[in-house]
Amino acid sequence: MGGRPAPDAAGLPAVVLALLPVAGTAPDSAAISTLAAAWAPVARDRAVLVVPVPVTATAPEVAWPELAAAYGAAELAGVGTPAPLATGGRAVLFTGLSGAGKSTIAARLVELLLEAGRTVTLLDGDEVRTHLSAGLGFAKADRDTNVRRIGWVAGQIAKHGGIAVCAPIAPYAATRADARALVEEQAGPGSFTLVHVATPLAECEARDRKGLYAKARRGEIAEFTGISDPYEEPTDADVTLDTRALSVDESARAVLTHLGLG
Ligand SMILES: Nc1ncnc2c1ncn2[C@@H]1O[C@H](COP(=O)(O)OS(=O)(=O)O)[C@@H](OP(=O)(O)O)[C@H]1O
Ligand SMILES: Nc1ncnc2c1ncn2[C@@H]1O[C@H](COP(=O)(O)OP(=O)(O)O)[C@@H](O)[C@H]1O
């Protein structure tokens, strides 16, 4: 049998064979547990045997009935991709201009989540660029690589029940969508939250905490987001924060409430 349990699995044999397509990659123990867990309520007292098979899930090189027969199954009960196991893990991606308040609000959110007893990992822009994305610059391809790496790591954290709080500028809509997909593929639908820290450019520039806007205006920093490089305003934000109206604490609590953890 392959993939997701059939809705009506009455009359299943004593041993249920669940084939896990792994397309030539090493089988992932979390994916094995996910498939076993998906079958458990249907299979009830029967044994569930999860077997990784080297085929592509969406376009198996060998048709599922043939494959099932090759592994000794008497019948094929269902084909599909099981939903990832819901571990309660989440990824929160703050996006916004430099100086918008991403790091400040993310840090407060981390405090609140820790107080709520959650395991939290902060993937702050500066730290990510020192370690995970060392050597990358600010051209579009490098920013995309940076944000996708953050998405993948955040997905790993969420998949194992943790909460990843990430605060890159993430200026491109398509790349933010990639990050959402990378998280949800690993940790399940709804595990990703996009928070737009929607501080206008004029306000960020007036704050100019690091003096970067002044430098960018003088032409001393190339490709500076908002000045000489694009920032695509999100149209798919789960939470939008106006930091001119909300304090740091109020913003962080708004995110916490959205997560259902407030
Ligand atoms: N050209 C250019 N454009 C924007 N930002 C720049 C640039 N050069 C350096 N910096 C500093 O790098 C921080 C942004 O890095 P990110 O990793 O968050 O950017 S991105 O998501 O990959 O676009 C950003 O940090 P924050 O101010 O905390 O947002 C800047 O301090
Ligand atoms: N309501 C607010 N929310 C977040 N930051 C604010 C707010 N009001 C003022 N600030 C200030 O704006 C600056 C934002 O900087 P930072 O958090 O590093 O932004 P980013 O990470 O988006 O570059 C900080 O100095 C912070 O104290």
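- Looking up the protein chain in an unreviewed UniProt entry gives the name Adenylyl-sulfate kinase, with the organism given as Modestobacter roseus.
- UniProt, in the comment section headed Pathway (unreviewed entry), describes the protein chain in these words: "Sulfur metabolism; hydrogen sulfide biosynthesis; sulfite from sulfate: step 2/3."

Quick word on the pattern of salt bridges
Next up, step 1: Under the defined criterion, the tally for this structure stands at twelve salt bridges.
Next up, step 2: Linking Arg108 and Asp249 is a salt bridge whose minimum nitrogen-to-oxygen distance equals 2.8 Å. Taken as a pair, Arg108 in helix H3 (residues 102-115) and Asp249 in helix H9 (residues 248-259) lie far apart in primary sequence, 141 residues in all.
Next up, step 3: A residue is classified by how much of its surface remains accessible, and Arg108, at 18% relative accessible area, is buried.

As for the pairing of strand E3 (residues 90-95)
Next up, step 1: For E3, a buried count of six out of six residues is recorded, marking the element as mostly surrounded by other parts of the structure.
Next up, step 2: Because side chains alternate across E3, one face comprises the buried residues Arg90, Val92 and Phe94, and the other comprises Ala91, Leu93 and Thr95, equally buried.
Next up, step 3: Across four bridges, the pairing between E3 and strand E5 (residues 163-167) is parallel. From the neighbouring strand, Val92 faces E5, where its bridge partner is Val165.

Quick look at H9
Next up, step 1: Compared with an ideal rise of 1.5 Å per residue, which puts twelve residues at 16 Å, H9 spans 17 Å between its outermost C-alpha atoms and is within 8% of the ideal.
Next up, step 2: Within the span of H9, buried status applies to Ser251, Ala252, Val255, Leu256 and Leu259. All buried residues of H9 lie within an arc of 140° about the axis, which places them on one face of the element.
Next up, step 3: Packed against the buried residues of H9 are E3, H3, strand E6 (192-197) and strand E7 (239-241).
Next up, step 4: Once H9 finishes, Gly260 follows within two positions and takes phi at roughly 75°, a positive value.

Considering the site of ligand 2
Next up, step 1: As a matter of local geometry, ligand 2 sits amid 15 residues, with Gly99, Ser103, Thr104, Arg209 and Leu246 nearest to it.
Next up, step 2: Within the contact set of ligand 2, an oxygen atom lies 2.9 Å away from a backbone nitrogen or oxygen of Gly101.
Next up, step 3: At a separation of 2.4 Å, an oxygen atom of ligand 2 approaches a polar side-chain atom of Thr104.
Next up, step 4: Bound to the protein, ligand 2 loses 78% of the 570 Å² it would expose on its own.

Quick notes on unusual backbone geometry
Next up, step 1: Its identity is not glycine, yet Ala170 carries a phi of approximately 45°, on the positive side.
Next up, step 2: Turning to its location among the elements, Ala170 is positioned in the loop between E5 and helix H6 (173-187).
Next up, step 3: According to the relative accessible area criterion, Ala170 is buried, its value standing at 3%.
Next up, step 4: If you check the backbone angles, Glu223 has positive phi at about 50° while not being a glycine.
Next up, step 5: Checked against the element boundaries, Glu223 lands in the loop between helix H8 (212-217) and E7.

Describing the nonpolar core
Next up, step 1: Counting residues in each nonpolar core, the largest one holds 27 residues, and the members touching the most others are Phe94, Leu109, Val165, Leu241 and Val255.
Next up, step 2: Where this core is concerned, the elements lending two or more residues are E3, H3, E5, E6, H8, E7 and H9.
Next up, step 3: A total of six residues in this core trace back to one element, the largest contributor, which is H3.
Next up, step 4: Leaving out residues up to four positions away in the same chain, Leu109 has contacts with Val92, Phe94, Val165, Ala252, Val255 and Leu256.
Next up, step 5: Counting residues in hydrophobic clusters, the runner-up holds 16 residues, among them Val147, Ala164, Ala179 and Leu194.

Reading the values: the criteria
- Once a new chain begins, its residue numbering starts again from 1 and follows that chain's sequence as written.
- Lettering for chains starts from A, numbering for ligands starts from 1, and both go in the order in which the items are written.
- Owing to the predicted nature of the model, reporting of local features is limited to residues with pLDDT of at least 70; listing and counting of side-chain atom pairs is limited to 80 or more, with chain, interface and lining totals taken over all residues.
- For the side-chain quantities, the full set of heavy atoms in the structure was used; hydrogens and water were omitted.
- UniProt positions are given in the numbering used here, feature names are shortened, and annotations may be inferred rather than shown by experiment.
- One speaks of a salt bridge when a side-chain nitrogen belonging to Lys or Arg is within 4 Å of a carboxyl oxygen belonging to Asp or Glu.
- For helices the rule is a DSSP run of H or I covering at least 4 residues; for strands it is a run of E covering at least 2, with both sets numbered from the N terminus onward.
- Relative accessibility under 20% of the residue-type maximum defines a buried residue, over 50% an exposed one, and the middle range a partly exposed one, all with a 1.4 Å probe and only protein chains included.
- Pairs of strands are assigned from DSSP output, requiring at least two bridges between the strands.
- The span expected for a helix works out to 1.5 Å for each residue beyond the first.
- The arc refers to the directions leading from the helix axis to the C-beta atoms.
- The criterion used for residue contact is that any of the two residues' heavy atoms lie within 4.5 Å.
- Nearness is judged by heavy atoms alone; a residue qualifies as near a molecule or strand once a single heavy atom is within 4 Å of it.
- Any pair of N or O atoms that falls within 3.5 Å is considered a polar contact. Within protein, one atom must be able to donate a hydrogen and the other to accept it, and sequence-neighbouring residues count only if both atoms are side-chain atoms.
- Working definition of accessibility: Shrake-Rupley area with a 1.4 Å probe, residue cover restricted to the visible protein chains.
- By nonpolar core is meant a set of buried Ala, Val, Leu, Ile, Met, Phe, Trp, Tyr and Cys residues that side-chain atoms within 4.5 Å join together.

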